[in-house]
Amino acid sequence: MTVPSIGLNDGHEIPQLGFGVFQVPPRETERAVSFALDAGYRHIDTAEMYGNEEGVGRAVRAAGLDRGEVYITSKLNNGYHRPDVARRAFESTLEALGYDYVDLFLIHWPLPTLYDGDFVSTWKTLEEFKADGRARSIGVSNFQVAHLERLIRETDTVPAVNQIELHPYFQNREVAAFDREHGIATEAWAPIAQGKVLDDPTLTGVAERYGRSVAQVVLRWHIQHGMIVFPKSVTPERIRENIAIFDFELEPVDVEAIDALDRGEAGRNGPNPDAFDYVPS
Ligand code: NDP
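Residues numbered from 1 in each chain as written. Predicted model: local features only at pLDDT ≥ 70, side-chain atom pairs only at ≥ 80, totals over all residues. Heavy atoms only, no water.

Enquirer: Describe in detail the overall build of the chain, supporting the description with residues and values.
Expert: From N to C terminus, the chain includes ten helices and ten strands. On C-alpha atoms alone, the chain measures out to a radius of gyration of 18 Å, which is about the 19 Å that the 2.2 N^0.38 rule sets for 281 residues. On the principal axes, the C-alpha backbone points of the chain span a range of 55 × 45 × 35 Å. Among the 281 residues that make up the chain, the fraction classed as buried is 55%. Considering only contacts within the chain whose residues lie at least 6 apart along the sequence, 75% involve residues at least 24 apart. Total accessible area on the chain is roughly 11800 Å²; 47% of this is exposed by carbon and sulfur atoms. (Helix = DSSP H or I, 4+ residues; strand = E, 2+ residues; numbered from the N terminus. Rg over C-alpha atoms; globule rule 2.2 N^0.38 Å. Buried < 20%, exposed > 50% of the residue type's maximum accessible area, 1.4 Å probe, protein only. Contact = heavy atoms within 4.5 Å. Areas by Shrake-Rupley, 256 points an atom, 1.4 Å probe, with all protein chains shown as cover.)

Laid out in structure tokens, this is it:
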């Protein structure tokens with residue numbers, strides 16, 4: 001299964017489909033990622049907050065793959081936004097992964113109600129990691145339009161990606177449109193809404209007609225909209241199923257039927273980034 005790549009605004013490329021490891025327990029991570037690599041995934045999305053970066057690095061090495069063959073993203077933990085702390089946290093990420101660079105490093109949440117709302121200094125710290133080559137690309141996650149506008153106004157680097165909650169019930173259209181207009185690639189987290197869209201009657205109807213699973217249809221819908229996705233699963237057959245989506249195409253009428261499932265803000269599952277202030281203890 002060949003996964004297409006998306007060109008980023010800094011000249012690098014990212015595989016459009018990867019494997020997410022949020023909520024994969026650290027001791028199970030090496031096994032799950034090994035299985036995903038074996039199934040053909042070459043892009044892993046982890047984070048300092050997930051506590052499982054070590055298992056990601058171990059799995060890549062155990063697979064006998066060269067570092068350059070796998071795209072690895074990690075994210076700065078909440079609570080580490082101050083520049084000096086961010087620098088140490090980034091070093092710990094590289095150490096945990098066991099590599100001297102990441103392909104992509106993100107600010108996980110903007111935390112606009114903490115640090116006097118100063119995510120700009122944090123972003124400038126990520127610019128250092130890009131400048132010294134230890135992060136090939138830098139981006140953000142859960143940034144709203146106002147947060148992106150500030151970065152664009154006050155710094156020299158437009159984020160390469162913005163990783164946001166996005167699925168059929170919460171299409172996050174205002175942020176996705178802003179990303180598009182400014183050359184920022186959108187990564188859709190919780191692409192199948194952590195399972196909540198799987199029994200939707202419109203989706204089960206489409207899936208039946210294509211002889212595919214609902215998860216495959218939803219992931220295909222993301223791909224056709226140009227989103228980058230990294231569904232998470234610890235279940236071998238689902239891991240294989242989620243990457244087997246490049247041998248069929250949804251008709252425009254079915255894409256539109258899924259577009260119509262958007263519930264706006266009511267469809268959001270996760271926290272609202274304008275208010276989210278969780279800092280791990
Ligand atoms: P997903 O939408 O990927 O859903 C994962 C859930 O769906 C799991 O319970 C999994 O179960 C189940 N599942 C996966 N595939 C299938 C399938 N084919 N059929 C039926 N059920 C399936 O949610 P996530 O929240 O994990 O999002 C994906 C990734 O996005 C994360 O792993 C992480 O990398 C990133 N993310 C980023 C956030 C951010 O703030 N930046 C926030 C949340 C996620 P099981 O594992 O038991 O098979």
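After that view of the structure, there is still more to cover.
Enquirer: Now, about the side chain of Arg268: what can you tell me, with residues and values included?
Expert: Along the polypeptide, Arg268 turns up in the segment after α10 (252-259). Since its relative accessible area comes to 15%, Arg268 is described here as buried. A distance of 2.5 Å separates a polar atom in the side chain of Arg268 from a polar atom in the side chain of Glu265. Setting aside chain neighbours within four positions, we find Arg268 in contact with Gln144, Glu165, Phe170 and Pro273. (Polar contact = N/O pair within 3.5 Å; in protein donor to acceptor, adjacent residues only side chain to side chain.)

Enquirer: Requested: an account of the packing of helix α3 (residues 83-97) against helix α4 (residues 119-131), with residues and values cited.
Expert: α4 packs onto α3 with a crossing angle of 40° between their chain directions and a minimal axis gap of 9 Å. Classified by the interaxial angle, the pair formed by α3 and α4 is oblique. Both α3 and α4 take part in a crossing whose hand is right-handed. Here α3 contributes Pro83, Ala86, Arg87 and Phe90 to the contact with α4, which in turn contributes Ser121, Thr125, Glu128 and Phe129. Looking at the contact of α3 with α4 residue by residue, the class counts come to four nonpolar, two polar and two charged. (Axes fitted to C-alpha atoms, helices over the stretch in contact; angles between N-to-C directions. Parallel < 35°, antiparallel > 145°, perpendicular 65-115°, else oblique. Left-handed = near helix turned anticlockwise from the far one by under 90°. Nonpolar A, V, L, I, M, F, W, Y, C, P; charged D, E, K, R; others polar.)

Enquirer: Explain the packing of aromatic side chains residue by residue, including any values.
Expert: The description of an aromatic ring pair rests on the distance of the ring centres and on the angle between the ring planes. The full count for this structure, using the stated rule, is ten aromatic pairs. A connected cluster of aromatic rings, assembled from ring pairs, spans Trp109, Trp189, Phe276 and Tyr278. Of note, Arg67 hangs over the ring of Tyr99, and the distance from its end group to the ring centre comes to 5.1 Å. Geometry around Tyr101 places Arg136 over its ring, the cationic atom sitting 3.8 Å from the centre. (Phe/Tyr/Trp six-rings, centres within 6.5 Å; stacked < 30°, edge-to-face > 60°. Lys NZ or Arg CZ within 6 Å of the ring centre and 35° of its normal.)

Enquirer: Explain the site of the ligand to me, and be specific about the residues and the numbers.
Expert: As a matter of local geometry, the ligand sits amid 28 residues, with Asp45, Gln194, Lys232, Ser233 and Thr235 nearest to it. In the model, an oxygen atom of the ligand is placed 2.6 Å from a nitrogen or oxygen of the Ser233 side chain. One nitrogen or oxygen atom from the side chain of Thr235 is found 2.6 Å from an oxygen atom belonging to the ligand. Against a free-state accessible area of 910 Å², the protein chains account for coverage of 88% of the ligand. Per element, the largest residue contribution to the shell around the ligand is three residues, and it comes from helix α9 (residues 236-243). (Near = heavy atom within 4 Å.)

Enquirer: Any details on helix α5 (residues 145-154)? Residues and values, ideally.
Expert: Among all positions of α5, only Val145, His147, Leu148 and Leu151 are buried. On an axial view of α5, the arc spanned by its buried residues comes to 160°, and they lie on one face. Where α5 is buried, its residues meet α4, β7 (135-141), β8 (161-165) and α6 (173-181). (Arc of directions from axis to C-beta.)

Enquirer: Please set out the environment of Asp84 residue by residue, giving values where relevant.
Expert: Relative to the assigned elements, Asp84 resides in helix α3. The class for Asp84 is partly exposed, based on a relative accessible area of 34%. Considering only alpha carbons, one finds Asp84 and Phe129, 45 residues apart in sequence, at a separation of 13 Å.

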